[in-house]
Amino acid sequence: MRILAFLSLILVLTSCDDDDAYLVELNLNFEHHVDNEVLVFNEINYENNSDEFYSISELKYIISNIQLQNKNGNWFSYPVEDSYFLINAGVEESLIVNLSGIPNGNYQNIRFGFGVDQSNYPLNGVNNFVPTAEENDMLWSWSAGYIFLKFEGEYQLVDPIAPENFLYHVGSHGQNLDNYRTVELAVDLDLNADTQLDISADVSKIFDATHQMSLQQKSDIQIDPENAPKIADNVVEMFQIQMN
Amino acid sequence: MCRALYVLCLLFLLVACGSDDSSYTDIEDENRVLDFPQPDFFPSPTYDLEANPPTEKGFELGKKLFYDGRLSSTGVISCGFCHIQEFSFTHHTHIVSHGVNGALGTRNAQPLMNLAYMEDFSWDGSAAHLDAFPIIPITTDVEMNESVGNVIEKLKADEDYQSLFAAAFENENIDADNMFKALSQFLIMMVSADTKYDKVMQGNAVFSEEEASGKAVFEAKCASCHSGILFTDQSYRNNGLPINPEYNDIGRERVTGESDDRYKFKVPTLRNIALTYPYMHDGRFQTLSEVLNHYDSGMDHTENLDPIFINDNEIGIPLSDTEKSQLLAFLQSLTDDNFILDQRFSEF
């Protein structure tokens, strides 16, 4: 009996191959830049709009809730429980987000979340992301919440003085303040041909986008109801689709 | 054509599976959904019982996890080590709770009961959902000092857990989601609503004169914060405890980053209060008399002291000796003996 069931399953899976609704894979490739150059950790001093020179030692963030909108305007949601990913700009393997089971077709928009959505939390299997977040130090030690972004390095002013550390850690503040954000980008994806989507992130935007962040004013931002939401706003703007 | 084939195959699948795979239905029959013990005089639960309905097997698994030292790095500190049923699931041989290798925490273990009605968890609300709460004790170095990932690996290697997870959850997975769900199933079933107070409210008992006077004092002076049937309005407030420089615990500000929340802590329930000494977030008071003395004359005017305590030129809630003993009598009526003896929640 089991064999029969199995056979018919195979039949189900293969019989629709010719339909336009068959399922394909898509890789999201994340690349990190500062202004127009590929991000290099530690060695290079970049400059932000507040005339501060900074180098980057760590950049990690969580993305989630991936959705694609087809040409008819319908949204396909990637299964939420499988939809949490940790991007670590310093770890090659984490930069490729492999999605499978996507209906083949043409898509015009992609949406994903920055961080973890509290309205879902902690349903939909988000707790299964805990071990990954934990291994990557993306949990606050004293609270049951995720750190959405860890961005760290050193900075100094124009005058050559000893560099100081900076540290931005952004997450939601209990049920008080939600720093989850949604990123939406226009794409031109034909999954009959394309198997990959390149998303580039301009890291300098974390300092300078909607809000201008100055390290001199505050270089250690963690649970900060004034500045953490600004950083979250800026992060949303750092993503762009890379056209090949 | 494809669609027709698909439907046919699906039909076939259903038939093929339905005929002899009776083991499936057996498991489902066996794993009964438990009746949530909702008292009619309680509010409706905040916990989403539909998303994670307590079942017989899930509860059993949750209880095993709760009393299992393997959730800690040293293998000996279980949840039940700090949350002891006799004391309404608190811990009071030490003022602040202690964890692996005797490491001291900075906070007093909270009682575990009526958690299905809470909006968020811990003294400062650092967990917004019960299913996520266990991350904190498991990973905190002064508590269990473990990692969730490592706990899962230990559970996967254990045959008892393999069969328990399989029986408790449809997807049969041993993963963090199911582990936390099982713990929640166990925890939310701990409803404590069978005190003398409840019996009196239901018309099945009467207060002594002392208790009745205590109730009146309580309603006049305490019930604005310790309000309603749960004896808490679930807000965060500063009740004027002098700052303990050893910890300088900023309370709710740690979660929100708001200086307006400095030194505010969750208004605790007062159910089973006679059992849950020591008192306050850092366990500074050993007895309820000390607590009452604090409200009467022990307050410091620290930042964000609740305005209720600020009168013309005095702070606090003046209480006469008579009122104090009346209050003590009333607070004793909030003890639920059946709860602390309930075998369903006991380790052995």
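Each value, and the rule that gives it
- Residues numbered from 1 in each chain as written.
- Chains lettered and ligands numbered in written order.
- Predicted model: local features only at pLDDT ≥ 70, side-chain atom pairs only at ≥ 80, totals over all residues.
- Heavy atoms only, no water.
- Helix = DSSP H or I, 4+ residues; strand = E, 2+ residues; numbered from the N terminus.
- Buried < 20%, exposed > 50% of the residue type's maximum accessible area, 1.4 Å probe, protein only.
- Domains from an automatic or database assignment.
- Buried area = accessible area lost by both parts, 1.4 Å probe.
- Salt bridge = Lys/Arg side-chain N within 4 Å of Asp/Glu carboxyl O.
- 1 Å grid on protein atoms, 1.4 Å probe; cavity = no way out; pocket = protein on both sides within 12 Å on 5 of 7 lines; lining within 4 Å.
- Points joined across faces, edges and corners; volume = space filled by probe spheres on them.
- Nonpolar A, V, L, I, M, F, W, Y, C, P; charged D, E, K, R; others polar.
- Core = buried A, V, L, I, M, F, W, Y, C linked by side-chain atoms within 4.5 Å.
- Contact = heavy atoms within 4.5 Å.
- Phe/Tyr/Trp six-rings, centres within 6.5 Å; stacked < 30°, edge-to-face > 60°.
- Axes fitted to C-alpha atoms, helices over the stretch in contact; angles between N-to-C directions.
- Parallel < 35°, antiparallel > 145°, perpendicular 65-115°, else oblique.
- Polar contact = N/O pair within 3.5 Å; in protein donor to acceptor, adjacent residues only side chain to side chain.
- Pairing = 2+ DSSP bridges.

**Student:** An account of the overall build of chain B is requested, with residue identities and associated values reported.
**Tutor:** Per the secondary structure count, chain B includes 14 helices and two strands. Looking at chain B residue by residue over its 348 residues, the buried ones come to 53%.

**Student:** Requested: an account of the domain arrangement of chain B, with residues and values cited.
**Tutor:** Note on interface size: it is often stated as the accessible area lost on association of the parts. Residue and element names in this part refer to chain B. The domains assigned to chain B are domain 1 (56-192) and domain 2 (196-338). Just the C-alpha atoms count here: the centres of domain 1 and domain 2 sit 27 Å apart. The largest per-residue losses of area from domain 1 upon contact with domain 2 belong to His-92, Trp-123 and Asp-124, which jointly make up 27% of the total buried on that side. With its nearest N and O atoms 2.9 Å apart, the salt bridge here joins Arg-254 to Asp-124.

**Student:** Could you give an account of empty space enclosed by the protein, with specific residues and numbers?
**Tutor:** Residues and elements named next belong to chain A. The final tally for this structure, using the stated rule, is one cavity of 30 Å³ or more. One number sums up the size of the largest cavity: a volume of about 180 Å³. Lining the largest cavity are 18 residues, with Gln-118, Ala-144, Gly-145, Tyr-146 and Ser-172 sitting closest to its centre. For the lining of the largest cavity, the residue count by class is eleven nonpolar, seven polar and no charged.

**Student:** Report on the nonpolar core, specifying residues and quantitative values.
**Tutor:** General note: in soluble globular proteins, nonpolar side chains tend to be found buried as a group. With 149 residues, the main nonpolar core has Tyr-61 and Phe-239 of chain A together with Met-179 of chain B as its most contacted residues. Mapping this core onto the domain boundaries places at least three of its residues in each of domain 1 (56-192) and domain 2 (196-338) of chain B. Contact partners of Tyr-61 of chain A, with chain neighbours within four places excluded, come to Phe-30, His-32, Phe-85, Leu-86, Ile-87, Phe-114, Met-138, Phe-148, Leu-149, Ala-201, Met-238 and Phe-239 of chain A.

**Student:** Break down the environment of Glu-81 of chain A for me, with residues and values.
**Tutor:** Residue and element names in this part refer to chain A. In this structure, Glu-81 sits in the loop between β5 (75-77) and β6 (85-88). Glu-81 sits in the partly exposed class, given a relative accessible area of 44%. When the C-alpha positions of Glu-81 and Phe-30 are compared, they lie 21 Å apart, and in sequence the two are 51 residues distant. When neighbours within four sequence positions are excluded, Glu-81 is seen to be in contact with Asn-124 and Gly-125.

**Student:** I'd love a proper account of helix α3 (residues 228-237) of chain A, names of residues and values included.
**Tutor:** For α3 of chain A, the full list of buried residues reads Ala-228, Pro-229, Ile-231, Ala-232, Asn-234 and Val-235 of chain A. Turning to α3 of chain A, the residues buried within the fold contact β8 (106-114), β9 (147-156), β10 (164-171), β11 (181-190), β13 (220-221) and β14 (239-241) of chain A.

**Student:** Please provide a residue-by-residue account of the packing of aromatic side chains, values included.
**Tutor:** All names here are of chain B. Inspection of the entire model under this criterion finds 37 aromatic pairs over all chains. Taking the centre distance of 6.5 Å and the plane angle of 35° together, the rings of Phe-165 and Phe-169 count as tilted. You can call Phe-169 buried: its relative accessible area is 10%. An angle of 40° between the planes, with centres 6.4 Å apart, marks the rings of Tyr-197 and Phe-207 as tilted.

**Student:** Let's hear about the packing of helix α10 (residues 209-221) of chain B against helix α13 (residues 321-332) of chain B: which residues, and what values?
**Tutor:** Angle between the axes and distance between the axes: these two values describe a pair of packed helices. Residue and element names in this part refer to chain B. Closest axis-to-axis distance for the α10/α13 pair is 7 Å, and the angle between their directions is 100°. Classed by the angle they form, the pair α10 and α13 counts as roughly perpendicular. In this structure, α10 uses Glu-210, Glu-211, Ser-213, Gly-214, Lys-215, Val-217, Phe-218 and Lys-221 to contact α13, whose residues at the interface are Glu-323, Ser-325, Gln-326, Leu-327, Ala-329, Phe-330 and Leu-331. By residue class, the composition of the contact of α10 with α13 is six nonpolar, four polar and five charged.

**Student:** Requested: an account of the environment of Asn-45 of chain A, with residues and values cited.
**Tutor:** Residues and elements named next belong to chain A. With respect to the helices and strands, Asn-45 occurs in the loop between β2 (37-38) and β3 (46-47). Classification of Asn-45 as partly exposed rests on a relative accessible area of 41%. Considering only alpha carbons, one finds Asn-45 and Tyr-155, 110 residues apart in sequence, at a separation of 8.2 Å. In this view, Asn-45 contacts Phe-53, Tyr-54, Ser-55 and Gln-156; residues no more than four positions away in its chain are not counted. There is a polar contact of 3.5 Å between the side chain of Asn-45 and the side chain of Gln-156.

**Student:** Report on the packing of helix α6 (residues 148-156) of chain B against helix α8 (residues 176-188) of chain B, specifying residues and quantitative values.
**Tutor:** All names here are of chain B. Two elements in contact, α6 and α8, have axes separated by 10 Å at closest approach and are oriented at 85°. By the angle between their directions, the pair α6 and α8 is classed as roughly perpendicular. Residues Val-148, Val-151, Ile-152 and Leu-155 of α6 pack against Ala-176, Met-179 and Phe-180 of α8.

**Student:** I'd like to hear about the pairing of β10 of chain A, residue by residue, with values.
**Tutor:** Residue and element names in this part refer to chain A. Bridge count between β9 and β10: eight bridges; the pairing is antiparallel. From the neighbouring strand, Leu-149 faces β10, where its bridge partner is Val-170. Here two bridges tie β10 to β13, and the two strands are oriented parallel to one another. Each residue of the ladder has a partner; that of Leu-167, found in β13, is Asp-220.

**Student:** Give me the lowdown on the environment of Leu-123 of chain A, citing residues and values where you can.
**Tutor:** All names here are of chain A. Tracing the chain through its elements places Leu-123 in the loop between β8 and α2 (130-135). Look at Leu-123 and you get partly exposed, because its relative accessible area is 31%. Sequence spacing of Leu-123 and Glu-81 is 42 residues, and the spatial spacing of their C-alpha atoms is 8.5 Å.

**Student:** Help me get a handle on the pattern of salt bridges, residues and values and all.
**Tutor:** Residue and element names in this part refer to chain B. The final tally for this structure, using the stated rule, is 28 salt bridges over all chains. For Arg-70, the salt bridge identified is with Asp-68, shortest N-O distance 3.0 Å. Look at Arg-70 and you get partly exposed, because its relative accessible area is 31%. With relative accessibility at 8%, the residue Asp-68 sits in the buried group. Salt bridges sharing partners connect three or more residues here, namely Arg-107, Asp-124, Asp-249 and Arg-254.

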